[in-house]
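Understanding the architecture of this molecule
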Amino acid sequence: MVLPPYKIKVVEPIHLPSPAQRRRAIITAGFNTFLLRSDDVYVDLLTDSGTSAVSQEQRAAMELGDESYAGSRSFYRLETAMREVYGWQHLIPTHQGRGAEHLLSRVLVEPGQLVLSNLYFTTSRVHAELAGGVWTDVSIPEAGDPESRHPFKGNIDLGKLRDLIVREGRERIAFVRQEACLNMAGGQPFSLENLRAVRALTRELDVPFYLDATRSSENALFIAEREPGQAERSLPEILREIASLADGAVFSSKKDHFVPIGGFLATNDDAVARRARELVVVYEGFPHYGGLAGHDMEALAQGIREAADEPTVAHYVGQVRYLAGLLQEAGVPIVEPVGAHAVFLDAKRFLSHVPQEQFPAQMLAAAIYVAGGVRSMERGIVSGQHDHEPYEGLELVRLTIPRRAYSREHLDYVAETVLRVFAARREIPGLALVYEPPTLRFFQARFEPLAPLPSFEGAPVRRETPQWAPLGAEAQAGRRPARSR
Ligand code: F0G
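Summarised in this report is the structure supplied together with it.

Definitions and limits used
- Residue positions are given per chain, counting from 1 as you read along its sequence in written order.
- It should be noted that, the model being predicted, local features are given only for residues of pLDDT at least 70 and side-chain atom pairs only at 80 or more, the latter also being counted only at that level, while totals for whole chains, interfaces and linings use all residues.
- Excluded from the side-chain calculation are hydrogens and water; included are all heavy atoms of the structure.
- Working definition: helices are DSSP H or I runs of at least four residues, strands are E runs of at least two. Numbering for both runs from the N terminus.
- Based on C-alpha atoms, the radius of gyration is set beside the globule rule, defined as 2.2 Å times the residue count to the power 0.38.
- Partly exposed describes any residue whose relative accessible area lies between the buried limit of under 20% and the exposed limit of over 50%, with all areas from a 1.4 Å probe on protein chains only and scaled to the type maximum.
- It only takes one pair of heavy atoms within 4.5 Å for two residues to be counted as in contact.
- Note that accessible areas follow from Shrake-Rupley with a 1.4 Å probe, and for residues the cover is restricted to the protein chains shown.
- Residues scored as positive are Lys and Arg, those scored as negative are Asp and Glu, and His as well as the terminal groups of each chain are ignored.
- Throughout, a charge is located at the NZ atom of Lys, the CZ atom of Arg, the CG atom of Asp or the CD atom of Glu.
- Only residues whose relative accessible area exceeds 30% and that form no salt bridge are eligible for patches; like-charged ones are grouped when within 9 Å, while nonpolar side chains (Val, Leu, Ile, Met, Phe, Trp, Tyr) are grouped when within 5 Å.
- When a carboxyl oxygen of Asp or Glu is within 4 Å of a side-chain nitrogen of Lys or Arg, the pair counts as a salt bridge.
- All axes here are fitted lines through C-alpha atoms, helices being fitted over the stretch that makes contact, and every angle between N-to-C directions spans 0 to 180 degrees.
- Angle categories: roughly parallel below 35 degrees, roughly antiparallel above 145, roughly perpendicular from 65 to 115, and oblique for all the rest.
- By convention, the crossing between two helices is left-handed when the near helix turns anticlockwise from the far helix through less than a right angle, and right-handed when the turn is clockwise.
- Residues were grouped as follows: Ala, Val, Leu, Ile, Met, Phe, Trp, Tyr, Cys and Pro as nonpolar; Asp, Glu, Lys and Arg as charged; and all remaining residues, including Gly, as polar.
- Whether a residue is near a molecule or strand depends on its heavy atoms: it is near if one of them lies within 4 Å of it.
- A 3.5 Å cut-off defines polar contacts: any pair of N or O atoms within that distance qualifies, except that in protein one atom must be a possible hydrogen donor and the other a possible acceptor, and neighbouring residues in sequence count only when both atoms are side-chain atoms.
- The nonpolar core is taken to be a set of buried Ala, Val, Leu, Ile, Met, Phe, Trp, Tyr and Cys residues, with the residues joined through side-chain atoms within 4.5 Å.
- The criterion for strand pairing is that DSSP finds at least two bridges linking the strands in question.
- Handedness rule for crossovers: strands pointing away from the viewer, path from the first strand over the helix to the second running clockwise, crossover right-handed.

Now for the overall build of the protein. Across its full length, the protein holds 17 helices and 14 strands. Its C-alpha radius of gyration of 23 Å places the protein within 12% of the 23 Å reference for a compact globule of 485 residues. Overall, the protein is about 65 × 55 × 45 Å in size when its C-alpha atoms are taken along their principal axes. The proportion of buried residues among the 485 residues of the protein is 59%. In the protein, of all internal contacts separated by at least 6 residues, the share reaching a separation of at least 24 is 73%. Surface accessibility of the protein: about 20500 Å² in total, with carbon and sulfur atoms responsible for 51%. Charge separation in the protein, taken as the distance between the mean sites of 54 positive and 62 negative side-chain charges, equals 5 Å.

Here it is as structure tokens:
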């Protein structure tokens, strides 16, 4: 067991809606968990984005926020923290990760150029395409195989990368992008060895190389655990080396930097920084705040330092593994190895009777909500299919753990809920799509079930009684147990 390096000082009340309320809520939401109201959710595992608990040090720092429009002290403190932990030269703050993706794509992508990346992230791809770019996958084949136990599914296929750049010519390549803890593959890390090779190759062929360094803290931990020769190195040291191997990075700080809002573009390239500062004033705000308040930048500066704290990162990854272990024990099909920020259920195996055109992962996420008020997210055909081209890729449901927010009891309850759905899986129908917006359809698409959902009210399925259950009839009737005097 990895012990939590914190205790709780401020709490947010949550409550479990009744089964009837949950059924009504999912119908109102068009079977899309993004469209549920948070008040209708008990344990919210939709995302780790902006949902972490802030530390007392972050809250204290927020009091020091300098809200000056230009030249804010808070900007300079943020810049110092970024340089200390990662070491890039320039920092351009943005309201969140996609703000930075927008700037980077606008600066580096000319119409018709290719962006070469390990798989894709939804907003990253859209911004490259809006700038006229063509997203091109250079991930290793194991990234798309939920059953492969490759330790570094975030690696780039070096042969494919070289061939593409040589065949297309340097001028056709906008930049190479490598994402830490590759979200769409299940939170899977890259190795330092691979990153060093990508750096060498992009130098040799003169192509810009940027990281999506979101969740690089967890990636650094996986490197320390899995990569030969890395076990003795500290987390800050590995993080620093990761950063040193790219020309810069985009960050969604809403993840491993523990802030509710924020992100940035970092770069060592003076020309890229100058161009990004020209654009940031149009789209985000003055380059000394980029859409953030002074107090946001203070919280972010402190969060960046906490992101390099090994006990904090190790406990977080330990929580993900704990939940995964409970599900694996019961035979639930999940993506392996267990990734950084979430347990990914493999909906193709979980609902093997539902064809992919009937959105098994979308339905599985809805069913888990109905069964226990637990909110998760589809990461399959709804998020992954592009321009209605045929899609046979990963079909996953993501149970994403917010950092420092939930306890073991919550995770036990989540496992219990998923197991109740697993027990009733053969009675779960597919879905029909009834509305989709033209871009990023997963956020707002609506669905209808092809048959009624089962009840999920069966007996608990875990072997031992979980701690949250034995409250006794008295407590369940809403009365407090008599206190001994
Ligand atoms: N890059 C990665 C790898 C991400 O996971 C995200 C967001 C972004 C960029 C965009 O950042 O949301 O701050 O604008 N991922 C969230 C998630 C939304 O739930 O995985 P943003």
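Where nonpolar side chains cluster on the molecular surface, the patch consists of V281, V282 and Y283 and spans about 280 Å² of accessible area. The class of Y283 is partly exposed, set by a relative accessible area of 40%.

This brings us to the packing of helix α8 (residues 216-226) against helix α9 (residues 235-244). It is at 9 Å that the axes of α8 and α9 come closest, and there the two elements cross at 110°. With respect to their mutual orientation, α8 and α9 come out roughly perpendicular. Pair α8 / α9 crosses with right-handed handedness. From α8, S216, S217, A220, L221, I223 and A224 reach across to α9, where they touch L235, I238, L239 and I242.

In this section: unusual backbone geometry. For residues other than glycine, phi is negative in most cases, and the peptide bonds are mostly trans. With omega at -10°, the peptide bond leading from E336 into P337 counts as cis. Among the structural elements, P337 can be located in the loop between α12 (310-329) and β9 (342-346). Positioned with a positive phi, F258 is a non-glycine residue whose angle comes to about 60°. By the element assignment, F258 lies in the loop between β7 (248-252) and β8 (263-267). Its identity as a non-glycine residue notwithstanding, L440 has a phi of 45°, on the positive side. If you trace the backbone, L440 turns up in the loop between β13 (431-435) and β14 (446-449).

Two elements in contact, α12 and helix α16 (residues 408-423), have axes separated by 9 Å at closest approach and are oriented at 30°. The chirality of how α12 crosses α16 is right-handed. The segment α12 lies against α16, with Q319, Y322, L323, L326 and L327 engaging R408, L411, D412, V414, A415, V418 and L419. Its residues assigned to classes, the contact of α12 with α16 shows nine nonpolar, one polar and two charged.

Let's shift gears to the site of the ligand. Within the structure, the ligand sits among 17 residues, and R98, D212, S252, K255 and R398 are positioned closest to it. Within the backbone of G97, a nitrogen or oxygen atom sits 2.8 Å from an oxygen atom of the ligand. The side chain of N183 places a nitrogen or oxygen atom 2.9 Å from an oxygen atom of the ligand. For the ligand, the accessible surface in isolation is 470 Å², of which the surrounding protein chains cover 96%. With three residues, helix α4 (residues 97-108) is the single largest residue contributor to the shell around the ligand. A breakdown of the residues in the shell around the ligand according to their chemical character gives two nonpolar, seven polar and eight charged.

By size, the foremost hydrophobic cluster in this structure holds 64 residues, and its most contacted members are L327 and L345. Of all elements in the fold, only α1 (19-28), α12, β9, α13 (347-350), α14 (360-372), α15 (381-384), β12 (396-400) and α16 reach the threshold of two or more residues within this core. With 10 residues, the top contributor of residues to this core is α14. Excluding residues that lie within four positions of it along the chain, L327 makes contacts with V332, I334, V343, L345, L399, A415, V418 and L419. Core analysis: the second largest hydrophobic core is formed by 59 residues, L201, F209, F264 and A299 among them.

Let us now look at the sheet that holds strand β5 (residues 173-179). Spatially, β2-β8-β7-β6-β5-β3-β4 is the arrangement adopted by the seven strands of the open sheet, whose pairing is mixed. With one partner strand each, in any of the chains shown, β2 (90-94) and β4 (134-137) form the two edges of the open sheet. Across the sheet, the mean angle separating the axes of adjacent strands is 20° when strand polarity is ignored. Across five bridges, β2 lies against β8 in antiparallel orientation. By the bridge assignment, L91 is partnered in β8 with A266.

A full pass over the atoms with the stated rule returns 25 salt bridges. For E84, the salt bridge identified is with R305, shortest N-O distance 3.2 Å. Separated by 221 residues along the polypeptide, E84 in helix α3 (residues 73-85) and R305 in helix α11 (residues 294-306) bring together distant segments of the chain. Residue classification places R305 among the partly exposed positions, given a relative accessible area of 34%. The closest approach of N and O atoms between R349 and D346, which form a salt bridge, is 2.7 Å. Ionic contacts of the salt-bridge type, sharing partners, join the residues D48, R215, E218 and R403 into one network.

Here the focus is the pairing of strand β3 (residues 114-117). The alternating pattern of β3 places L114 and L116 on one face and V115 and S117 on the opposite face, and all of these are buried. Pairing analysis gives four bridges linking β3 to β4, with the strands arranged parallel. Among the inter-strand pairings, L114 is bridged to a residue of β4, identified as V134. For the crossover from β3 across helix α5 (residues 122-130) to β4, the handedness is right-handed. Sheet topology note: the β3/β5 ladder contains four bridges and is parallel. Paired with L114 across the strands is I173, a residue of β5.

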